[in-house]
Amino acid sequence: IRGGKPGVSLCRFRPDGRVFGVGGWDKRVRIFDRTGNASPLAILKGHKDSITTLDWAPDSQNTGYLATGAADGKIYIWRCFPKT
């Protein structure tokens, strides 16, 4: 990913492989399309500390569900680009 920020801690592809999420030390999750566009489709904000875990639901290509956890002890469930 060009133009990425330092401090990326993890990356997970959605089960269908079309999009992926990147979590980082900046407390944000960025969603990208695998086609190579360097700009994120979305930037998810809410955590108060570094992202430590990120995973897509098995049916996330239909539901869009993405779970994230951070060192702040919170777990967030996001709905990102269902049926895309």
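Residues numbered from 1 in each chain as written. Predicted model: local features only at pLDDT ≥ 70, side-chain atom pairs only at ≥ 80, totals over all residues. Heavy atoms only, no water.

Caption draft 1: Up close: a nonpolar patch on the surface. Taken together, the side chains of Tyr65, Ile75 and Ile77 make up a nonpolar region of the molecular surface, amounting to roughly 350 Å² of accessible area. Structurally, Tyr65 is set in strand β6 (residues 65-70). Given a relative accessible area of 41%, Tyr65 falls into the partly exposed group. (Patch = residues over 30% accessible without salt bridge, like charges linked within 9 Å, V, L, I, M, F, W, Y side chains within 5 Å. Areas by Shrake-Rupley, 256 points an atom, 1.4 Å probe, with all protein chains shown as cover. Salt bridge = Lys/Arg side-chain N within 4 Å of Asp/Glu carboxyl O. Helix = DSSP H or I, 4+ residues; strand = E, 2+ residues; numbered from the N terminus. Buried < 20%, exposed > 50% of the residue type's maximum accessible area, 1.4 Å probe, protein only.)

Caption draft 2: Summary view of the pattern of salt bridges. Inspection of the entire model under this criterion finds two salt bridges. Between Arg14 and Asp16 there is a salt bridge; the shortest N-O distance is 2.8 Å. Owing to a relative accessible area of 30%, Asp16 belongs among the partly exposed residues under this scheme. Between Asp26 and Arg30 there is a salt bridge, with the nearest N and O atoms lying 2.8 Å from each other. The exposure class of Arg30 is buried, given its relative accessible area of 14%.

Caption draft 3: Quick peek at the sheet that holds strand β3 (residues 28-33). With antiparallel pairing, four strands are arranged side by side in an open sheet as β1-β2-β3-β4. In the strand order of this sheet, the two ends are held by β1 (8-13) and β4 (42-45), each with one partner. The mean angle between the axes of side-by-side strands here comes to 20°, regardless of whether they run parallel or antiparallel. Bridging between β3 and β4 involves four bridges; their strand directions are antiparallel. Residue pairing for β4: Arg30 is matched across the bridge by Ile43. (Pairing = 2+ DSSP bridges. Axes fitted to C-alpha atoms, helices over the stretch in contact; angles between N-to-C directions.)

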